[in-house]
Amino acid sequence: MITPDSADSLSNQARALLAGTQDPIANAANLSAFIFQNIPLLNWAGFYRLVDGRLLLGPFQGKFACVEIALDKGVCGKAARERKTQVVGDVLSFPGHIACDAASRSEIVVPLITQEGRLLGVLDIDSPVADRFQPTDVELMEEFAAIFLASISDKTESF
Ligand code: SME
């Protein structure tokens, strides 16, 4: 259970972890590891980058995953297309869910949008537990996405 205090502490730790470089791949790699290690009951945490009009696998933790996702496919495609966080309590009842890991039961996908309004990709978090993600978790994942975007703000072209 994420309390407001633990969320603040995790956000501060993540900010400090990403402060050493503005390199997008380095920070995406460390943030996915940080999320995977610190948020209970996850089986996947990572990034898809928007490259040539589709989502391409980026740094992640968990089992190997689908390399490309079209914008009209899956929870990731929906988050990117609608530019809106998607929270799916039961992936088995989400039409078009892409099961990279058959163990996944619930999922959050946060779109990564720069201050200039450019979509860079998505942050995708999966859990083997149905209804794993509560509003406090969603808020924290959106905060992690914002911390990532702030950490690379001068280097968004290279993500
Ligand atoms: N489940 C996602 C695909 C990515 S994997 O979960 C890592 C989706 O439906 O878009």
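Everything below is about the structure shown above.
Presented here is a report on the structure given in the accompanying data block. (Residues numbered from 1 in each chain as written. Predicted model: local features only at pLDDT ≥ 70, side-chain atom pairs only at ≥ 80, totals over all residues. Heavy atoms only, no water.)

### Quick look at the packing of helix H1 (residues 4–17) against helix H2 (residues 24–38)
Working step 1: Where H1 meets H2, the axes come as close as 10 Å, and the angle between the chain directions of the two elements is 150°. Judged by the angle between their axes, H1 and H2 are roughly antiparallel. Here the hand of the crossing between H1 and H2 comes out right-handed. For the pair H1 and H2, the contacting residues are Leu-10, Gln-13, Ala-14 and Leu-17 in the first and Asn-30, Leu-31, Phe-34 and Asn-38 in the second. (Axes fitted to C-alpha atoms, helices over the stretch in contact; angles between N-to-C directions. Helix = DSSP H or I, 4+ residues; strand = E, 2+ residues; numbered from the N terminus. Parallel < 35°, antiparallel > 145°, perpendicular 65-115°, else oblique. Left-handed = near helix turned anticlockwise from the far one by under 90°. Contact = heavy atoms within 4.5 Å.)

### Observations concerning the site of the ligand
Working step 1: Lining the immediate surroundings of the ligand are Trp-44, Tyr-48, Ile-69, Gly-74, Val-75, Cys-76, His-97, Ile-98, Cys-100, Glu-107, Asp-124 and Asp-126.
Working step 2: Cys-76 is positioned such that a nitrogen or oxygen atom in its backbone is 2.8 Å from an oxygen atom of the ligand.
Working step 3: Residue Ile-98 places a main-chain N or O atom 2.7 Å away from a nitrogen atom belonging to the ligand.
Working step 4: Protein coverage of the free-state accessible area of the ligand, which is 300 Å², stands at 99%.
Working step 5: Those elements giving two or more residues to the shell around the ligand turn out to be strand S1 (44–51), helix H3 (74–82) and strand S6 (119–127).
Working step 6: Residue contributions to the shell around the ligand peak at three residues, all from H3.
Working step 7: Its residues assigned to classes, the shell around the ligand shows seven nonpolar, two polar and three charged. (Near = heavy atom within 4 Å. Polar contact = N/O pair within 3.5 Å; in protein donor to acceptor, adjacent residues only side chain to side chain. Areas by Shrake-Rupley, 256 points an atom, 1.4 Å probe, with all protein chains shown as cover. Nonpolar A, V, L, I, M, F, W, Y, C, P; charged D, E, K, R; others polar.)

### Structural notes on H1
Working step 1: End to end, H1 covers 20 Å across 14 residues, agreeing with the expected 20 Å (1.5 Å per residue, within 8%).
Working step 2: Listing the buried residues of H1 in full gives Ala-7, Leu-10, Ser-11 and Ala-14. Buried positions in H1, seen along its axis, are confined to an arc of 100° and lie on one side of it. Along H1, the residues that are exposed and aim more than 90 degrees away from the buried face are Asp-5 and Ala-16.
Working step 3: Against H2 and helix H4 (135–151) lie the buried residues of H1. (Expected span 1.5 Å × (residues − 1). Buried < 20%, exposed > 50% of the residue type's maximum accessible area, 1.4 Å probe, protein only. Arc of directions from axis to C-beta.)

### Quick look at the nonpolar core
Working step 1: Counting residues in each nonpolar core, the largest one holds 30 residues, and the members touching the most others are Leu-31, Ile-35, Ile-39, Leu-112, Leu-123, Phe-144 and Phe-148.
Working step 2: Counting only elements with at least two residues in this core, the list comes to H1, H2, S1, strand S5 (106–113), S6 and H4.
Working step 3: Considering every element that reaches this core, the biggest residue donor is H4, with eight residues.
Working step 4: Ignoring sequence-local partners within four residues, the contact set of Phe-144 consists of Leu-10, Ser-11, Ala-14, Leu-31, Phe-34, Ile-35, Ile-39 and Leu-123.
Working step 5: One finds Trp-44, Val-75, Ala-80 and Leu-119 within the second-largest nonpolar core, a separate group that totals 15 residues. (Core = buried A, V, L, I, M, F, W, Y, C linked by side-chain atoms within 4.5 Å.)

### What to know about the sheet that holds strand S2 (residues 54–62)
Working step 1: Spatially, S3-S2-S1-S6-S5-S4 is the arrangement adopted by the six strands of the open sheet, whose pairing is antiparallel. Edge positions in the sheet fall to strand S3 (68–70) and strand S4 (86–88), since each of these pairs with one other strand and no more. Strand-to-strand twist in this sheet, taken as the mean axis angle between neighbours without regard to direction, amounts to 20°.
Working step 2: Both S2 and S3 contribute to a ladder of three bridges, which runs antiparallel. When the sheet's bridge partners are listed, Arg-54 is paired in S3 with Ala-70.
Working step 3: The sheet strands contacting H3 are S1, S2, S3, S4, S5 and S6, and the helix crosses S5 at an angle near 35°. (Pairing = 2+ DSSP bridges.)

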